[in-house]
There are 2 protein chains.
Amino acid sequence: VAMTCFHLATSRDEARNRLLTREKMMQVGGQLVLQEEEERANGRLRALKEAEMQEAKRTGVFPPSLHFFQAKDLMEKSAVFNILKKMPKGAALHVHDFGIASMDWLVKNATYRPHCYFCLTPKGAPQFKFASPPPPTPKQEECSEWVLLEKFRKGLPNVTEFDNSLLRTFTLMTENPQETYANQDMVWNKFKTIFFAISGLVNYAPVFRDYIFLGLEEFYRDQVLYLELRAMLYPVYELNGTVHGREWSVRTYEEAACLFAKTHPGFIGIKLIYSDNRSKDVSLIKKSVQTAMELRAKFPQMVAGFDLVGREDTGHPLYDYREALLIPASRGVKLPYFFHAGETDWQGTSADRNLLDALILNSTRIGHGFALSRHPAVWADAWRKDIPIEVCPISNQVLKLVSDLRNHPAAVLMATGYPMVISSDDPAAFGAKGLSYDFYEAFMGLGGLTADLRTLKQLAMNSIRYSALSETEKKVAMETWEERWQRFVAELARGPK
Amino acid sequence: VAMTCFHLATSRDEARNRLLTREKMMQVGGQLVLQEEEERANGRLRALKEAEMQEAKRTGVFPPSLHFFQAKDLMEKSAVFNILKKMPKGAALHVHDFGIASMDWLVKNATYRPHCYFCLTPKGAPQFKFASPPPPTPKQEECSEWVLLEKFRKGLPNVTEFDNSLLRTFTLMTENPQETYANQDMVWNKFKTIFFAISGLVNYAPVFRDYIFLGLEEFYRDQVLYLELRAMLYPVYELNGTVHGREWSVRTYEEAACLFAKTHPGFIGIKLIYSDNRSKDVSLIKKSVQTAMELRAKFPQMVAGFDLVGREDTGHPLYDYREALLIPASRGVKLPYFFHAGETDWQGTSADRNLLDALILNSTRIGHGFALSRHPAVWADAWRKDIPIEVCPISNQVLKLVSDLRNHPAAVLMATGYPMVISSDDPAAFGAKGLSYDFYEAFMGLGGLTADLRTLKQLAMNSIRYSALSETEKKVAMETWEERWQRFVAELARGPK
Ligand SMILES: [Zn+2]
Ligand SMILES: [Zn+2]
């Protein structure tokens, strides 16, 4: 009996280890075999991670389970976060045109430029305009009279206070997010107000150029070598009132990226995903699809495809637009789609079915895919088609889809090894920067204790693999990334100086 | 081209419908074929559900996304909730001995009985004792002097206020749960205090008997015909100080259930799952396993198996107890396990591995399994072994594992059709009653708009199928349930009078 007993115990332990190994192999990065130096780096990373999580368990204070606005300062003190900041993260595949550079710069730099006017809408939201001669007086129901900011600031007793108030209107940050934004409507309303407020600044040609450059700089400093920007390509204006069209904007993005690459070793570039808003009528979206095809034909290197942005719960479902979205295929034109889909908690609604239509419409990637794990058939088919999701944890938390990021539904997908990349959506509006904050949430929150250096490496490689770069471009990008990865690993393995 | 185009659109719509159907078929209950009357009832239910969800989307107020304490009143006004209250739910498979009957009764009835004394611990928690002659003075460091409640109440200017304060110490309910319980430690501390406080009441033999009866009554009124109670079987005492052992308690449970069945048509009975606390040393758990085997041998109809209860994050992982838990198998004795496992947000920790060990140890069911969807290998194997999880949404929310129940990780399992039952854990401590509140959360929150009458029917049938009843007992239970189900469906199909 003792022998049987022993045998039983052994086989149980074996079964247990097999299960543990299977799960380890399944998770994102689980198939990667690390080099010796990577193993040592992983050992150090794992030790730091475990210590942080043990401490969090003890104190009850764990950044991924707090609201980002309350977690940010804590995060910045974390050893793991500081490693993630140094980690070469590859590419940022889900970021929006005017959410990539610190809002602080808009206040401190853009609004301080000459000929900057502002007015207040009846709801008290600021609007900006650069003009010389001064702009014509707006309609009373739209905005107050234009006031020259330079002159206005001179009359203020406390300019810093005014500048801070501007900054507050440019981000969602607040000390009590739970109270300030009691529901999704409230946070989305403020979110839209931000982009409305800054539009007059960022669409002024000189600011537009500098904004792109600064955005690239912030991501580059955060170890991101390539970006794909969802861009609305709104008209950009000059001081004298001249207005530029979309092609001018695309060329300006291209020029800014080229200039940036010249002065920033290893930088690979940017591509644009032309985007329109899903609140628009079908007929307008038909035109936008047409525009997307034209832009892609004219700038095959720069325009990667098309997307529909804006709040899914209140916008048109993709299904409404199916006729428009099938135009390219019916004409034999390839227009890759990068649809936002499944950014909802309302399971079973028409917005929730966007995931299904993104799959049916052969979306190249899926933006967010927050609801994907609740759609097992779409999940399975999208996996078969190798359609990755772009997970943006902080965005999902700030926009009130989930509070404790350990419960982010993509945690399930991460555990199964579903193809994914981590991105930051509109970091500037959330008070974040680059990708590191979102990587921290994904690594510590979604991934749990089991996510390790393999996970991070896979996520970084995924960002190149699933990008819209050509095969040749990908090869170059991967080599550039690998070189930096080796350096990062060597430093991490060496330990603290 | 027009033909191709048309063909394309058709095949796309077909593919879309196939996907929708696949997901519909996959979800819990998706395989059920409804009778004509059920279809009509389902139509009405779906219409009411959709109206409620549309209204919630509009107002931003949706009970499953609110804390239960703030959602309860709203829920009670819901038409769907009132249908769920009438629905024959089958069995409650995950409830604890002293969490099943309203705490209100303990205050208003138990503490008003003669010879009821109370004292206050140094931390201010009340302790109770029935005794005649009066109980000996407690050690000073443990409790204040015993005070006769009858006498004490006579001296009070406001008895209602005192009674309400007692009630507050007996439940977790509070107006501001987010502030009162800032983290899991705080809510678990209070949770433990509750059971400590009521122990002197519920373990007094006359109260013990009545408590069981009342608990059954509350579940019966909520259309529950059978219960499996996790029971600690602590000593029960008489007024004269006599103390009863576990066997007396089992017999008393049996007698109470028999008496109850006689006066409550259709009531099937109860079984016990003897439970010990996972904070205890291995040697003590060895003894408990022994005790469980003995109890099951003596009361094969009453004692279904064994479980370990208490907070997983701070208790011993199952793996620590493996030697003790393998004793029955090594002796060729069958002792079914019903382990609480995966009641944690700390993915990858030793507590989180309880799920794995519950599987390895052939647990008959899994209590909570909150973390299961993050363990794809355990998930797959447990499914193959047909091990259901007992989902207790309100418990998980109140104990701060998840806030918005639409993000409950079992939503994923529900969408895939993983075997599960809905239960209420300790409804009395959460201010809930029976199973209806938890069914509402599961149906509206976890299930989303897609969950329908099929889902509910499957969940009810699962509760019988996965119970510890014998095959013969299950057949009887299923027939009793079906009869009631037909009546419920007929009424629902008929619509409002
Ligand atoms: Zn986005
Ligand atoms: Zn329990």
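Here, the structure is the one placed above.
Overview of the structure.

1. Here we look at the environment of G269(B)
All names here are of chain B.
Point 1. Residue position: G269 is located in strand β8 (residues 269-277).
Point 2. Measuring from C-alpha to C-alpha, the distance between G269 and A91 comes to 9.7 Å, with 178 residues separating the pair along the chain.
Point 3. Setting aside its immediate chain neighbours within four residues, G269 contacts L225, Y226 and L227.

2. Observations regarding the coordination of the zinc ion (ligand 2)
Point 1. At the metal site, the zinc ion (ligand 2) is ligated by H94(B) (NE2), H96(B) (NE2), H340(B) (NE2) and D425(B) (OD), and these contacts range over 2.1 to 2.2 Å.
Point 2. Classification of the site at the zinc ion (ligand 2) as irregular follows from its four donor atoms and the range of 85 to 172 degrees in their angles at the metal.

3. Points about the coordination of the zinc ion (ligand 1)
Residue and element names in this part refer to chain A.
Point 1. Binding of the zinc ion (ligand 1) to the protein goes through H94 (NE2), H96 (NE2), H340 (NE2) and D425 (OD), at separations of 2.1 to 2.2 Å.
Point 2. Note that the zinc ion (ligand 1) binds four donor atoms; their angles at the metal cover 84 to 172 degrees, and the shape is irregular.
Point 3. All donors of the zinc ion (ligand 1) come from a single chain, and their spacing in sequence reads H-x1-H-x243-H-x84-D. For the pair formed by H94 and H96, the shared burial category is buried.

4. Focus on the layout of surface pockets
Residues and elements named next belong to chain A.
Point 1. In this structure, the second largest pocket encloses a volume near 840 Å³.
Point 2. The wall of the second largest pocket is formed by 35 residues, among which K192, F195, M232, Y234 and N277 lie closest to the centre.
Point 3. Elements that contribute at least two residues to the lining of the second largest pocket include exactly β3 (126-130) and α9 (184-202).
Point 4. Tallied by class, residues from the lining of the second largest pocket come to 15 nonpolar, twelve polar and eight charged.

5. A short note on the state of the cysteines
All names here are of chain A.
Point 1. Taken as a whole and judged by the stated rule, the model has two disulfides over all chains.
Point 2. The partner cysteine of C119 in its disulfide is C143, sulfur to sulfur 2.1 Å. Judged by the sign of its S-S torsion, about 90 degrees, the cystine formed by C119 and C143 is right-handed. On the criterion of sequence distance, the pair formed by C119 in strand β2 (residues 116-120) and C143 in the loop between β3 and β4 (147-148) is long-range, its members being 24 residues apart.
Point 3. According to the relative accessible area criterion, C143 is buried, its value standing at 7%.

6. So, the sheet that holds strand β12 (residues 389-391) of chain A
Residues and elements named next belong to chain A.
Point 1. Spatial strand order, β10-β11-β12-β13: four strands in an open sheet with parallel pairing. Strands with a single pairing partner mark the edges of an open sheet, and in this sheet they are β10 (340-341) and β13 (420-422).
Point 2. Of the strand pairs in this sheet, β12 and β13 are connected by three bridges, and their pairing is parallel. Within the sheet, the bridge partner assigned to E390 lies in β13 and is V421.

7. Comments concerning the packing of helix α4 (residues 79-86) of chain A against helix α20 (residues 436-446) of chain A
For any two helices packed against each other, one specifies the crossing angle of their axes together with the interaxial distance.
Residues and elements named next belong to chain A.
Point 1. Following both chains from N to C, one finds α4 and α20 inclined at 125 degrees, their axes separated by 9 Å at the closest point. For the element pair α4 / α20, the angle class is oblique. As α4 packs across α20, the resulting crossing turns out to be right-handed. Here α4 contributes V80, F81, L84 and K85 to the contact with α20, which in turn contributes S436, Y437, F439, Y440, F443 and M444.
Point 2. Residue classes in the contact of α4 with α20 are distributed as eight nonpolar, one polar and one charged.

8. Structural notes on the pairing of β8(B)
All names here are of chain B.
Point 1. In terms of burial, β8 is a largely internal element, eight of the nine residues being buried.
Point 2. Looking at chain direction, β8 and strand β9 (residues 303-309) are connected through six bridges and run parallel. Within β9, the position partnered with I273 by the bridge is G305.
Point 3. Note on the crossover from β8 through helix α12 (residues 282-298) to β9: the handedness is right-handed.

9. Let's talk about the packing of aromatic side chains
Point 1. For the structure on display, the rule yields 61 aromatic pairs over all chains.
Point 2. Plain terms: the ring middles of W379(A) and W379(B) are 6.5 Å apart, the flat faces sit at 55 degrees to each other, and that makes the pair tilted. Of this pair, W379(A) sits in helix α16 (residues 376-384) while W379(B) sits in helix α16 (residues 376-384), on two different chains.
Point 3. Taken together, the ring pairs connect F98(A), W105(A), F208(A), Y211(A), W248(A) and Y253(A) into an aromatic cluster.
Point 4. A cation sits over an aromatic face here: R153(A) above Y112(A), 3.6 Å from the ring centre.

10. Some words on unusual backbone geometry
Residues and elements named next belong to chain A.
Point 1. The residue after S132, namely P133, is reached through a cis peptide bond having omega 0 degrees.
Point 2. By the secondary structure assignment, P133 is in the loop between β3 and β4.
Point 3. Of note, the phi angle at K400 is positive, near 65 degrees, even though the residue is not glycine.
Point 4. Positionally, K400 belongs in the loop between α17 (393-398) and α18 (410-416).

11. Some details on empty space enclosed by the protein
Point 1. Under the counting rule described, the total for this entry stands at nine cavities of 30 Å³ or more.
Point 2. For the largest cavity, the calculated volume is near 70 Å³.
Point 3. Taken together, 13 residues line the largest cavity, and the ones lying closest to its centre are N407(A), P409(A), V412(A), N407(B) and P409(B).

12. With respect to helix α11 (residues 246-263) of chain A
Point 1. Counted at 1.5 Å a residue, the expected span for α11(A) with its 18 residues is 26 Å, and the 26 Å between its end C-alpha atoms agrees.
Point 2. For α11(A), the complete set of buried residues consists of W248(A), S249(A), V250(A), T252(A), Y253(A), A256(A), A257(A) and F260(A).

13. Some words on the relation of the copies chain B and chain A
Point 1. Note on the copies: chain B fits chain A at an RMSD of 0.0 Å, the axial shift is 0.0 Å, and the rotation between them is 180 degrees. On the angle and the small slide along the axis, the relation comes out as a two-fold axis.
Point 2. A share of 100% of interface residues in chain B that are also interface residues in chain A marks the association as one of identical surfaces.

14. Comments concerning the interface of chain B and chain A
Point 1. At the junction of the two partners, chain B supplies 62 residues and chain A supplies 62 residues.
Point 2. Across the chain B/chain A interface, buried area totals approximately 5,300 Å², and carbon plus sulfur atoms make up 57% of it.
Point 3. Taken as a group, R16(B), K57(B) and W346(B) account for 14% of the area that chain B buries against chain A, more than any other trio of residues on that side.
Point 4. Remark: the boundary between chain B and chain A carries six salt bridges.
Point 5. Between D345(B) and R406(A) there is a salt bridge, and its shortest N-O distance comes to 3.8 Å.
Point 6. In this structure, the connection of chain B to chain A is made through 25 residue pairs in polar contact (both at pLDDT 80 or more).
Point 7. Mapped by element, the contributors of at least two residues to the side of chain B that touches chain A are α1 (2-26), α2 (36-59), α14 (327-330), α15 (354-360), α16 and α18 (410-416) of chain B.
Point 8. No other element matches the ten residues that α1(B) contributes to the side of chain B that touches chain A.
Point 9. In terms of residue class, the side of chain B that touches chain A is made up of 31 nonpolar, 15 polar and 16 charged.

About the criteria used
- Residues numbered from 1 in each chain as written.
- Chains lettered and ligands numbered in written order.
- Predicted model: local features only at pLDDT ≥ 70, side-chain atom pairs only at ≥ 80, totals over all residues.
- Heavy atoms only, no water.
- Helix = DSSP H or I, 4+ residues; strand = E, 2+ residues; numbered from the N terminus.
- Contact = heavy atoms within 4.5 Å.
- Donors = N, O, S within 2.8 Å, 3.2 Å for Na, K, Ca; no water.
- Tetrahedral: all angles 85-135°; square planar, octahedral: opposite > 155°, others 65-115°.
- Buried < 20%, exposed > 50% of the residue type's maximum accessible area, 1.4 Å probe, protein only.
- 1 Å grid on protein atoms, 1.4 Å probe; cavity = no way out; pocket = protein on both sides within 12 Å on 5 of 7 lines; lining within 4 Å.
- Points joined across faces, edges and corners; volume = space filled by probe spheres on them.
- Nonpolar A, V, L, I, M, F, W, Y, C, P; charged D, E, K, R; others polar.
- Disulfide = S-S within 2.5 Å.
- Pairing = 2+ DSSP bridges.
- Axes fitted to C-alpha atoms, helices over the stretch in contact; angles between N-to-C directions.
- Parallel < 35°, antiparallel > 145°, perpendicular 65-115°, else oblique.
- Left-handed = near helix turned anticlockwise from the far one by under 90°.
- Right-handed = clockwise from strand over helix to strand, strands pointing away.
- Phe/Tyr/Trp six-rings, centres within 6.5 Å; stacked < 30°, edge-to-face > 60°.
- Lys NZ or Arg CZ within 6 Å of the ring centre and 35° of its normal.
- Expected span 1.5 Å × (residues − 1).
- Least-squares fit on C-alpha atoms with pLDDT ≥ 70 in both.
- Buried area = accessible area lost by both parts, 1.4 Å probe.
- Salt bridge = Lys/Arg side-chain N within 4 Å of Asp/Glu carboxyl O.
- Polar contact = N/O pair within 3.5 Å; in protein donor to acceptor, adjacent residues only side chain to side chain.

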